[in-house]
Amino acid sequence: MNKRVLSFFVIAFLTGCQMRVLNPKSDTADTLTNLIYLSFGIMMLVLIVVFVLFVYFLRKFRERGKAKFNIPPDEKENKWLEITWTIVPVLLLAILAVPTVKATYDLTSKVSGSAGGSKGDAMIVEVVGQQYNWKFTYENGKESYDELVLPVDQEVQFRLTSNDVIHSFWIPNLSGKIDVLPGEMTKLSFEPREEGTYQGKCAEFCGAEHTLMRFETKVMSQQSFENWVQEE
Amino acid sequence: MNGMNVPFIGEVPSDIVVSWIVTILLGAALFWWLTTRRKWPLVWDYMTTTDNRKIGTMYILLSMVFFIRGGIDAMFIRTQLAIPENDFWVFQSQKYNEVFTTHGTVMIFFVSMPLLIGLMNIAVPLQLGANDLAFPYLNAISFWLFVAGGVIFNMAFFFNAAPNAGWTSYAPLATDTFTTGPNNNYYIFGLQVSGLGTIFTAINMIVTIFRLRAPGMKMTRMPLFSWATLITSFLIMIAFPVLTIALLLLMFDRIYGTSFFLGEYGDPVYWQHLFWIFGHPEVYILILPAFGIFSDVISTFSRKRVYGYTSMVVAIALIGLLGFMVWAHHMFTVGLGALANSIFAITTMLIAVPTGIKVFNWLFTMRKGVVRITTPMLFSLGFIPTFVIGGVTGVMLAVAAADYQYHDSYFVVAHFHYTMIGGTILGAFAGIYYWYPKMTGKMLDEKLGKWHFWLFIIGFHLTFMPQHFAGLNGMPRRVYTYTWEDGVFLLNFVSTIGAFLMGASMLFVAWNLYKTHRLTDPVGADPWDGRTLEWTVGSPAPEHPFQPVPQINSIDAYWYSKVERKRLPESEEARPSPIAIQTVAPVLLAGVLIVMSVGFIYGWVWMQIIGGIAALGFFIYRVFNDERKAVYRKEEES
């Protein structure tokens, strides 16, 4: 059973390169994907150790014909073994914790830091989430609904708020989520690196038609973006 | 198809009409069966009992009923999600929201909790050498409050008002501004009433464990299930009052127009803090007793003492403690800031350490043992790899920045089903097969038990393994459909097949129950060759079984007495014996609280007043009818 599960995990993960979260198209999403692979690698190590011991002990010590009435002697726990499986996980977690904290600081200061925190040339898009659509307002006042248009290779900062309940803004290819709260403003920024059309979704359950609260993100060349944003 | 015109009532969705018909038919069949088999005296006996075994059995029986309910909801969810752009029966939009809200709430509060509490009721006093829980009457109250909560919550569906804001009931969606109608009032009162029962159970367990252990059974000689119960009870005592307060505030927002969670002075994030300060310890409340069951089962069927007893106890305590310091990992995307997110990421990762210690200790308990694969052992063995997968995805989720991607996606859904089913439900099944002789005096059929296990575990992995990948491909949770372009069709389709396999496995349980009770003979006191005190008393466990009380001189005392071919010595010291009575008062209290709750749910003030006066009357009645007074007086005189 374990082998089956394991191979399924591995194969499915290798084919996962097409999966949106693992197919990053922005600087932010890139960092997140690397972090996901790192944590996955460390955790696979743990998983393999446990599975190997599990299968080995089970095969070796399973009750067989003549062992049926054996009473195994009591054993005192080995102090060194106990210390090993306390210290090693701590070390593994430390290896994981350092990049975690670093990435969390890098990305989160962007998420909710002051506007001055980002480079001055970031393009600003105001986002309003409401049951059940998204409104985007660009710097020149142009508005669009459920369609977000961004220029490639240009840092963009979103300032998000909600008109009603809590929503969550998510473009899996481009960045992680940030919640959209009523009466408050949250922030998120990233720099798209490849032209294309990406799915955007509301990730926080927000009522009857939460499912339909989706939008499309079109990343296009600087020139096409200029044309689009100037259009009436 | 979606709506039916019922005479005198009006337009009603067809799923509700079907459930009415099914309920009436099943109710009639049950009534007929009870009457022709002359079972009513037995029902009355159970309704008025304060015996821990009977109450525990009722807990488990009722949780299985709710398990069927929650399971059918899961089938509806999986059928609706089987293919893209599906329109199954009525389960879209708000109806779908009602189904997943009910599924989550029922499975957590009315299946997992009472399954474990039922097993505690049956096994803990027996493991300790106690004659009952410390407060048998309070125990009956706990059980009937759970029944009342379950009835209130399930009533919602029959009156076409099922809660629809998710089992987490986030504000402001759950306030009356955004979800009008009685729906989410049902959620509040269902959980409030049953939560009270849970708190009483925790008090009962703590006092039982501290006061009623057999002579010589030091804390350091207690079986690990009893240890897990003790620490779980402390977690309940701290966490559940927070839920009580959160629900009270939400109730005031909904019913009396306060604004704790929205408006100028309120904040919806308060709800999330309160809910998860309760909610995260809650998942440890659900997993620690299961850990205890696995420890006892693995030790018994490896014919060895549990490896690293002390570190096992320390690990449970550490998990319990750390469990209170991690709640904000449910809120990484709220924007609490980098510092808060980093701290909560690290505390969350730390929980992996004591959990890892436990896993290795279980593995080393098997090492050099004689591993006998019975049904309870099979469930424990299935647990280890399954739960470790759930554990490692837990660490992945703890990586705060990466969680911005996983959060609220199907990756999370997969993770918590791996821990909750892979841990709690497998643990409960292991416990039920293991202690079934103590409940009923019979042993469940091993062959059917193994069928149950294999179908269940294969179905489980088929259902939830693909959901990790659906999440990574951008599928948010709590959506009722998806498109072909989303690229998650195959993953969802496999998931649906797995879910039906799990459903099918439960048919083997039904068959097993039937076969066991019709065709097999009762078993003796110790059918598994056990190690702890519950196997010294008859099957089923009689009321007040330890007379005289055994003297305990080591861990697993019963096992060593068998090895040395001696009887357990009897103790001269007496322990206070809790007083059993027959009383219908707990049932009446449950009825009164249902009346009062319905009054609040629909805002009928006259009904609130009647229910309130009756509840108050109950307390006054109890003050003058305490069965312990006479006994205490006698004790003082002698």
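Residues numbered from 1 in each chain as written. Chains lettered and ligands numbered in written order. Predicted model: local features only at pLDDT ≥ 70, side-chain atom pairs only at ≥ 80, totals over all residues. Heavy atoms only, no water.

Looking at an unreviewed UniProt entry, one finds chain A named Cytochrome c oxidase subunit 2 and attributed to Halobacillus litoralis. The heading Sequence similarities (unreviewed entry) in the UniProt record of chain A holds the text "Belongs to the cytochrome c oxidase subunit 2 family." Quoted straight from UniProt, the Catalytic activity (unreviewed entry) entry for chain A says "4 Fe(II)-[cytochrome c] + O2 + 8 H(+)(in) = 4 Fe(III)-[cytochrome c] + 2 H2O + 4 H(+)(out)". (UniProt positions renumbered as here; feature names shortened; annotations may be inferred.)

Undergrad: Sorry, what's going on with the packing of aromatic side chains here?
TA: The description of two aromatic rings rests on the distance between their centres and on the angle between their planes. A full pass over the atoms with the stated rule returns 78 aromatic pairs over all chains. Ring centres of F210 of chain B and F234 of chain B lie 6.4 Å apart, and the angle between their planes is 55 degrees; this geometry places the pair in the tilted category. Of this pair, F210 of chain B sits in helix 6 (residues 183-211) while F234 of chain B sits in helix 7 (residues 224-256), and the two are 24 residues apart along the sequence. Residue F210 of chain B is classed as partly exposed on the basis of its relative accessible area of 40%. Exposure remark for F234 of chain B: the relative accessible area of 37% places this residue in the partly exposed category. Put simply, the rings of F109, W167, F240, F260, F261, W271, F275, W276 and F278 of chain B touch in pairs and so form one group of aromatic residues. Lying over the aromatic face of W170 of chain A, K177 of chain A brings its terminal NZ or CZ to 3.8 Å of the ring centre. The side chain of K54 of chain B reaches across the aromatic face of Y46 of chain B, ending 5.7 Å from its centre. (Phe/Tyr/Trp six-rings, centres within 6.5 Å; stacked < 30°, edge-to-face > 60°. Helix = DSSP H or I, 4+ residues; strand = E, 2+ residues; numbered from the N terminus. Buried < 20%, exposed > 50% of the residue type's maximum accessible area, 1.4 Å probe, protein only. Lys NZ or Arg CZ within 6 Å of the ring centre and 35° of its normal.)

Undergrad: What should I look at first to understand the side chain of K177 of chain A in this one?
TA: For K177 of chain A, the location among the structural elements is in strand 7 (residues 175-180). Separated by 2.6 Å, the side chain of K177 of chain A and the backbone oxygen of H407 of chain B make a polar contact. (Polar contact = N/O pair within 3.5 Å; in protein donor to acceptor, adjacent residues only side chain to side chain.)

Undergrad: What is the right way to read empty space enclosed by the protein from this model?
TA: Taking a probe equal in size to a water molecule and rolling it over the atoms shows the remaining empty space. Residues and elements named next belong to chain B. Using the criterion set out here, one finds twelve cavities of 30 Å³ or more in the structure. What the largest cavity holds in volume is close to 120 Å³. Along the wall of the largest cavity there are 14 residues; nearest its centre are P223, D296, S299, T532 and D556. If you tally residues by element for the lining of the largest cavity, the top one is helix 8 (residues 268-302), at four residues. In the lining of the largest cavity, the residues fall into six nonpolar, four polar and four charged. For the second largest cavity, the calculated volume is near 90 Å³. What lines the second largest cavity is simply Y59, F109, M113, P114, I117, S142, F146, S194, G195, G197, T198 and F240. Looking at the lining of the second largest cavity, the elements that each hand over two or more residues are helix 4 (93-128), helix 5 (136-158) and helix 6. Residues belonging to the lining of the second largest cavity are distributed by class as follows: seven nonpolar, five polar and no charged. (1 Å grid on protein atoms, 1.4 Å probe; cavity = no way out; pocket = protein on both sides within 12 Å on 5 of 7 lines; lining within 4 Å. Points joined across faces, edges and corners; volume = space filled by probe spheres on them. Nonpolar A, V, L, I, M, F, W, Y, C, P; charged D, E, K, R; others polar.)

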